[in-house]
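Spelled out, the chains give:
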Amino acid sequence: MASQPEVKVPIRLSTRDQSIRLEQDAGVLLVQTTLKRPQLSALVNSLLRPAAQPIPFDILINGQFLRTTIDQFLTANGISSETTLDVEYARAFVPPLNVTSFEHDDWVSAVDVWSHEVQSGQEKILSASYDGLLRVWNTSGDILATSTAPNNGGRITSLKTARWISDKKIVAAGLDNIVRIYKYDDSTRALSATVELYAHKWGVENVAVSSSTNRILSASSDTTISLFSTSTKESPVAPSHLLASSTSASHKRVKLSKQSSSVPSRGALATFTGHTSPVSSVLFAPSDHTVAHSTSHDHTLKTWDVTTTKCVDTRTTGHSLLSLTALPQLNLLAAGTSARHITLIDPRASATQISAMTLRGHKNAVVALDRDPGSEWGLVSGSHDGTAMVWDVRSVRAGGAVGEGGERVGECVYMIERESLGKGARAKAHGEGVKVFDVRWDAQVGIVSAGEDKRIQVNRAIGE
Amino acid sequence: MNPRKRKAITREAPPAESDSGEELADGLLDGILSHSEDSSDESQDEDYDSEDSSVIEGLSDEDDELDEDEDEDESGFESDGEEQRIREQLRKLKTSDSSSERRNTSLNLGDGEEKGLEDQDDSLKPNYTVTTDANGNPRYLYKEIDPIYDSDDSAADVTNTIGNIDLSYYDEYPHIGYDINGKKIMRPAKGEALDALLDSIDIPKGWTGLTDPATGKPLKLSDEELDVLKRLTRNEVLEDGYDPYPEMVHYFSGVKEIMPLSAAPEPKRRFVPSKHEAKRVMKIVKAIREGRIQPYKPPEEREEDDEQIHYDVWADEKPRPEKSMHIAAPKLPPPGYEASYHPPPEYLPDKEEEAAWLEQDEEDREREFLPRNHDALRKVPGYENFVKERFERSLDLYLAPRVRRNKLNIDPESLLPKLPSPEDLKPFPTTCAAIFRGQEGLVRSVAFDPLGIYVASGGDDGFVRIWELLTGRQVWNVKLSDEEAVDSVKWRPDKETSILSAAAGEDIYMIVPFTILSPDVEQASRDILDAGWGYAASQPSTTTNGETKEPLGKWSRPGSRLESKGVLVQVTVRSPVKTINWHRKGEYFATVSPRGQSTAVAIHTLSKHLTQLPFRRLKGIAQTAQFHPSKALFFVATRNSIRSYDLAKQELVKILQPGAKWISSIDVHPGGDNLLVGTYDKRLLWHDLDLSTKPYKTLRFHTAAIRAVRYHQGGLPLFADASDDGSMQIFHGKVVGDMMENATIVPLKVLKGHKVKSRLGVMDVDWHPREPWCVSAGADGTCRLWN
């Protein structure tokens, strides 16, 4: 109302991004409380470089995104309008647009990007498919190499997970219970298995790689986690009862099928037992590769000491946990659940709350998670509802909604739908045909997601 | 006597002649003298303060006024004897009064009176002037009243200064002496003058001049009453003819008569002491001696506050609002100008307004009447709606109920039992998480593997398929039969091995889906299936007469095509098998073929490859059979009853009567004490085995037949049913360990998603071994995972 006196609030602008830092400190500014994000963004732009192309900024007050007017924000958070607000501005999240998709012959179960120490445009994308083949792609969508189907005596070869160990080495595993290390030769564009690692009785759901310590962790449906070495020499002998030749029936089948080349088989360095249900995801702690975290269908998140193979800590949640990623700067682990949300768990012993925050928005089980390489608060999740969602833990749902344990509830920042659905079509909650099985967020390539629609979809924010 | 008061009275009266005052003065003087001589001794005893005297004083007061009134018409009146007598009395009363007065106030008072009279005369003359008013009538203009306060002091001036001289010396003169100023003190009125005045007044009979306080009318005294008054004043006997001292008549005397009145002899009781009295006296004496009668003791004064509690019953009473049921009618606003019969012209409606008002519906009208102008109130016509309104009001009153009905205001919700909210009973499946597509024709059966990773399904296309649970990926399949549908698939309940049993037609297949198994699991499964080969051949069942009996079930290898896919054992029975149910240990499984009559229910021993028929003859058509989860009990459901048998003792334990027409499926609670029954007549029945043979609860929520019911086997208090209306219903069914409490059953969720095809909806349902997830088999060719 025009008649009402304009309430002004003192603010002090700051940013963590060096490139958009103000040249001289603007000091305390008085702004009207009726302002919203766009006006504040324009204000920062005018202070920054008045002539240049305006950059959209997100405005954070006390570490929370400003989604309403300042007045409403202050009221909602109970802040007096007389205190000086520390307003942080950051580059606004640019919606990642569909860049390209790589078509496969079968469902794509896993995807990984190698962008470490490579020139821009030379990144390699690895995909694992239900047809049992690994494919290496370049960013323009050409298949650089395809692995040959492994000979495992007529058994299922579907791959569930794959990771780059280095730019030459790949680890992949699937429903045939075997973790395989592949060698990728960039020059000959050949992809061949170098070693087969036997430890699991049931399918392998997830592998984690620590290239610095040359260790591989594999999470399996047989409720165990196995620790492997990437080097063949280091690995012990494979357990005989798991080898295809161990039983008469399977040995016969193996014999019948043509064996092109023999791949050495090795066993696990150690096996972590403790979970009571299939282990869905495993992760080396980003700061310390002697610590690993794992999530399981038995609702628990366990912390393991890799060297002693002992379970250090167990966090029990209310739902089956299906995926895991770490937010190292925030000391949080994000776990995707079968109950359609993402739980942020503080794994440190000091944390008393089971769940620090809940991110809600998915309509089906959250089976893949990766963190934003450009932001310590960013997160991307892939779900069986056919979407990948981008989250920012600072984006809290308005209205002060709380989760089951009284924790804050986060809101989705951006939703990436499958391109294969076509424009405007929304996937149903059961995500039939478009389920996302894996998602990776690379700083250069963007958000890479793989799914039931037999393709890898690359989404990138253009204009950054 | 206040002279001023007298003045006031005289002023009211018409003016008197000035010289008449002179005459009066003479008369007065005479009267005083005569009075003092007449009755000084009579009034001496009179009490001054007595009631009588005051009355008489009042009378005398009236007399004074009468005296003055008398002045106007001096002419004598003829009066009868009675009148004369009253006057006489009155005069006497007055004189006694005045004489006493004088006695008390000495002679000077008499002088004061004279002076007062003189003053009166003086004041009479200049008190007013007579003029003529407009009409020519005389008008009296009164002077200002001069308040005289020194009347008392003037008493000294009126003193007769003649000294100690007999007044008889002044007998010839009209005056009786001189005052201090040398003026003559005129003689008071004489008796003749007063008599003349009194005679002139016509006094009505019995007139007293008093007002009757009871009636407010003048009090009239009759002759008798006057006589009584007179006697009273004289202290005489009130009544006439009363003799205060009559002659004494001696009726009884001490003289003994010669002739007594009665000749009867003296009765004995006159001289014999009374026995009765003696008895009563003795009784009292005895009582006194024994102390039963105590001499009277005055009650000791108790202290007020000892042990006597007074309860103030009304201490907390609150004043109740008077007539609380009464609700006053709302106060109407006062009528405005427009309600007037002659309103100001601006309130009068013009023609348009009037037309609009008339056109409006009666209920919409802003006001009930139309302002109308009438010149005068008498021209206002009668109210035209009077009869109508009165009739309607009467009708309202007639129709209105006169009885206050006390309605019971009970919230029907409060009568319902308190069920926990479904929100509190989470987790339970709510949404479809995955669709398993790829089958042709309807899916008849679905089953979770013991680890909860895979789901097996079998349907009309003859295929058995295995699916990855969360993704819905089909990982394995085999076609068992070209013609027959796969009616039932069930995993052997063992986590170390992975054996799937499937029934297609008359055959039961044991399958090891080795492509998804690791070699050691595959080998363990194979070992279990292969263990029984040759057992039947080594121990052929023979009848008593030595003939080899045809085995009930033929255990064989299914052929290389199926064997290469992992189907290792084929058991052929005599009639199509519809359901398979495993014993918890995985050693036995029961099959039911409803059309098999005597061979309907068979129990197969896996390790021996043996098929047995537990029942020679079964009453009714068997529908399904199940092992008890912990005891050696076996449940067989026929069309409308369920029998439980003890396998160890080989006897019938119980017959449950669900009251259903056609049972479709049963499931035993993992606790073993409760049984769920689904029927084709749309009912879901919960049997508590400990309670009764009748259902504990009947749930009738479906609109079509219920095909399958299933308890959650992994510890969650959930159960689900699958119905032909295309929906599944999830219930919370908590069974408490102790016997005291009944199971709590709460409907949680209706899961809709399956399409109804040829009047078939959801064919089967199974629960995940741990999680609150269930998978359903639909007639639309899909399986769905719900979580």
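All residue numbers refer to positions counted from 1 along the written sequence of the respective chain. The naming scheme follows written order: chains are lettered A onward, ligands numbered 1 onward. Restriction of local features to residues with pLDDT of at least 70 applies here, the model being predicted, together with a cutoff of 80 or more for giving and counting side-chain atom pairs; totals for whole chains, interfaces and linings are based on all residues. Water and hydrogen atoms play no part in the side-chain values, which are based on all heavy atoms of the structure.

- By the naming in an unreviewed UniProt entry, chain B is Ribosome biogenesis protein ERB1, taken from Periconia macrospinosa.
- Quoted verbatim from the Subunit (unreviewed entry) heading of the UniProt record, the comment on chain B is "Component of the NOP7 complex, composed of ERB1, NOP7 and YTM1. Within the NOP7 complex ERB1 appears to interact directly with NOP7 and YTM1. The NOP7 complex also associates with the 66S pre-ribosome."
- UniProt positions are given in the numbering used here, feature names are shortened, and annotations may be inferred rather than shown by experiment. Regarding chain B, the UniProt comment filed under Function (unreviewed entry) reads as follows: "Component of the NOP7 complex, which is required for maturation of the 25S and 5.8S ribosomal RNAs and formation of the 60S ribosome."

- The name an unreviewed UniProt entry assigns to chain A is Ribosome biogenesis protein YTM1, from the organism Periconia macrospinosa.
- Note on chain A: under the UniProt heading Subunit (unreviewed entry), the record states "Component of the NOP7 complex, composed of ERB1, NOP7 and YTM1. Within the NOP7 complex ERB1 appears to interact directly with NOP7 and YTM1. The NOP7 complex also associates with the 66S pre-ribosome."
- If you open the UniProt record of chain A and go to Sequence similarities (unreviewed entry), you find "Belongs to the WD repeat WDR12/YTM1 family."

So, the overall build of chain B
- The helix and strand tally for chain B stands at 14 helices and 36 strands.
- Three exposure classes are used, based on accessible area relative to the maximum for each residue type with a 1.4 Å probe and protein chains only: buried under 20%, partly exposed in between, and exposed over 50%. Of all 787 residues assigned to chain B, the portion counted as buried reaches 38%.
- The contacts of chain B with a sequence gap of at least 6 include a subset with a gap of at least 24, amounting to 53%. Where helices and strands are cited, they refer to DSSP runs of H or I of at least four residues and of E of at least two residues respectively, numbered from the N terminus. Working rule for contacts: check all heavy atoms of both residues, and any pair within 4.5 Å makes them a contact.

A word on the overall build of chain A
- Counting its secondary structure elements, chain A contains three helices and 34 strands.
- Sorting the 464 residues of chain A into buried and exposed places 55% on the buried side.
- Taking the contacts inside chain A whose residues are at least 6 apart along the sequence as the reference set, 55% of them involve residues at least 24 apart.
- Within the structure as shown, chain A displays about 19300 Å² of accessible surface, and the carbon and sulfur contribution to it stands at 49%. Areas reported as accessible are Shrake-Rupley estimates using a 1.4 Å probe. Residue values count occlusion only from the protein chains shown.

Remarks on the UniProt feature "repeat: WD" (unreviewed entry) in chain B
- The UniProt entry lists residues 436-477 and 762-787 of chain B under the feature "repeat: WD" (unreviewed entry), expressed in the numbering used here.
- End C-alpha to end C-alpha, residues 762-787 of chain B measures 17 Å, and it is 0% helix and 62% strand.

Focus on empty space enclosed by the protein
- Note on definitions: the grid is 1 Å and covers protein atoms alone; a cavity is a set of points where a 1.4 Å probe fits but cannot get out; a pocket is an open set with protein on both sides within 12 Å along at least five of seven lines; lining residues have an atom within 4 Å of a point. Grid points are joined across faces, edges and corners, and a volume is the space filled by probe spheres set on the points. Under the defined criterion, the tally for this structure stands at three cavities of 30 Å³ or more.
- Roughly 70 Å³ of volume is contained in the second largest cavity.
- Residues are grouped as follows: Ala, Val, Leu, Ile, Met, Phe, Trp, Tyr, Cys and Pro are nonpolar; Asp, Glu, Lys and Arg are charged; all remaining types, including Gly, are polar. Within the lining of the second largest cavity, the residues separate by chemical class into four nonpolar, six polar and one charged.

A few points about the sheet that holds strand β19 (residues 270-273) of chain A
Residues and elements named next belong to chain A.
- Any two strands with at least two DSSP bridges between them are considered paired. With antiparallel pairing, four strands are arranged side by side in an open sheet as β15-β16-β17-β19. Both outer strands of the open sheet, β15 (204-210) and β19, are each paired with one neighbouring strand and no more. Direction aside, neighbouring strands of the sheet carry axes that sit 20° apart on average.
- In this structure, strand β16 (residues 215-220) lies alongside strand β17 (residues 224-229), joined through five bridges in antiparallel fashion. Directly across from A219, in β17, lies its bridge partner I225. Only the stretch in contact is used when a helix axis is fitted, and all axes are lines through C-alpha atoms; the angle between N-to-C directions ranges over 0 to 180 degrees.

A look at a negative patch on the surface
- In this analysis, a patch consists of residues with relative accessible area above 30% that form no salt bridge, clustered at 9 Å for like charges and at 5 Å for the nonpolar side chains Val, Leu, Ile, Met, Phe, Trp and Tyr. We define a salt bridge as a contact between a side-chain nitrogen of Lys or Arg and a carboxyl oxygen of Asp or Glu at a distance within 4 Å. None of His or the chain ends enter the tally, which takes Lys and Arg as positive and Asp and Glu as negative. To locate a charge, the coordinates of NZ of Lys, CZ of Arg, CG of Asp or CD of Glu are taken. A surface patch of negative charge is lined by D361, E362, E363, D364, E368, E389, E392 and D396 of chain B.
- Given the relative accessible area of 72%, E363 of chain B is considered exposed.

So, the side chain of R492 of chain B
Residues and elements named next belong to chain B.
- Considering the arrangement of structural elements, one finds R492 in the loop between β13 (486-491) and β14 (500-504).
- Here a polar contact is recorded for every N or O atom pair within 3.5 Å, except that within protein the pair must consist of a potential hydrogen donor and a potential acceptor, and residues adjacent in sequence are included only if both atoms are side-chain atoms. Here G586 takes part through its backbone oxygen, which lies 2.7 Å from a polar atom of the side chain of R492.
- Setting aside residues no more than four positions away along its own chain, R492 makes contact with P450, T497, I499, I528, W582, K585, G586 and L606.

Observations regarding the interface of chain B and chain A
- Each side of the interface is counted separately: chain B has 34 residues, and chain A has 38 residues.
- Note on terms: buried area is the combined drop in 1.4 Å-probe accessible area of two parts once they are placed together, counting the loss on both. Area buried by chain B at its contact with chain A is led by T471, R473 and P519 of chain B, which between them contribute 19% of it.
- At the boundary of chain B and chain A, one finds four salt bridges.
- Residue K201 of chain A pairs with E496 of chain B through a salt bridge whose shortest N-O separation is 3.8 Å.

Describing the packing of aromatic side chains
All names here are of chain A.
- Ring pairs are drawn from Phe, Tyr and Trp, using the six-membered ring of Trp, whenever the two centres fall within 6.5 Å, and their geometry is named by plane angle: stacked under 30 degrees, edge-to-face over 60, tilted for the rest. In the structure shown here, the tally under the stated rule is 25 aromatic pairs over all chains.
- For the ring pair F272 and W304, a centre distance of 5.2 Å and an interplane angle of 25° mean the geometry is stacked. Here the residue F272 occupies a position in strand β19, and W304 occupies one in strand β22 (residues 300-305), the gap between them amounting to 32 residues.
- Accessibility expressed as a relative area gives 1% for F272, which makes it buried.

Concerning unusual backbone geometry
- In this structure, P427 of chain B follows K426 of chain B across a cis peptide bond, with omega equal to 5°.
- Tracing the chain through its elements places P427 of chain B in the loop between α11 (412-415) and β8 (432-437).
- The backbone of E117 of chain A sits at a positive phi, close to 55°, despite the residue not being glycine.
- Within the element layout of this structure, E117 of chain A appears in the loop between β7 (108-114) and β8 (124-129).
- For N331 of chain A, which is not a glycine, the phi torsion comes out positive at approximately 55°.
- Summarising the element assignment, N331 of chain A is placed in the loop between β24 (321-327) and β25 (332-337).
- Judged by relative accessible area, which is 35%, N331 of chain A ranks as partly exposed.

Observations concerning a nonpolar patch on the surface
Residue and element names in this part refer to chain B.
- Among the surface-exposed residues, I309, Y311, V313 and W314 lie close enough to one another that they form a single nonpolar patch of about 570 Å² accessible area.
- Mapped onto the secondary structure, I309 falls in the loop between α8 (275-290) and α9 (351-359).
- Residue I309 is classed as exposed on the basis of its relative accessible area of 59%.

Things to note about the UniProt feature "repeat: WD" (unreviewed entry) in chain A
- Per the UniProt record, "repeat: WD" (unreviewed entry) is annotated on residues 197-238, 272-314 and 359-395 of chain A.
- Annotation note: span residues 359-395 of chain A, helix share 0%, strand share 62%, distance between end C-alpha atoms 9 Å.

Notes on the environment of K201 of chain A
- Structurally, K201 of chain A is set in the loop between β14 (190-198) and β15.
- Since its relative accessible area comes to 27%, K201 of chain A is described here as partly exposed.
- In the structure, K201 of chain A is positioned 23 residues away from I178 of chain A in sequence and 8.8 Å away in space, judged by C-alpha atoms.
- Excluding residues that lie within four positions of it along the chain, K201 of chain A makes contacts with N177, D222 and L242 of chain A together with E496, S518, D520 and V521 of chain B.

A closer look at the pattern of salt bridges
- A complete count under the given rule lists 36 salt bridges over all chains for this structure.
- Among the salt bridges present, the one from K160 of chain A reaches E468 of chain B, with a minimum N-O distance of 2.7 Å. On the criterion of chain membership, the pair formed by K160 of chain A in strand β11 (residues 159-164) and E468 of chain B in strand β11 (residues 463-468) is interchain, its members lying in two chains.
- Using a relative accessible area of 12% as the deciding quantity, one classes K160 of chain A as buried.
- E468 of chain B gets classed as buried once you look at its relative accessible area, which sits at 5%.
- Here R683 of chain B ties to D681 of chain B by a salt bridge, and the two come within 3.1 Å at their closest N and O atoms.
- One salt-bridge network, held together by shared partners, links R444, D460, D487 and K578 of chain B.

Some thoughts on the sheet that holds strand β9 (residues 134-138) of chain A
Residues and elements named next belong to chain A.
- Pairing within the open sheet is antiparallel, and its four strands lie in the order β7-β8-β9-β10. Here the strands that pair on one side only, and so sit at the sheet edges, are β7 and β10 (143-146). With strand direction ignored, the average angle separating the axes of adjacent strands in the sheet is 20°.
- Alignment of β9 against β10, held across three bridges, turns out to be antiparallel. Paired with V136 across the strands is A145, a residue of β10.

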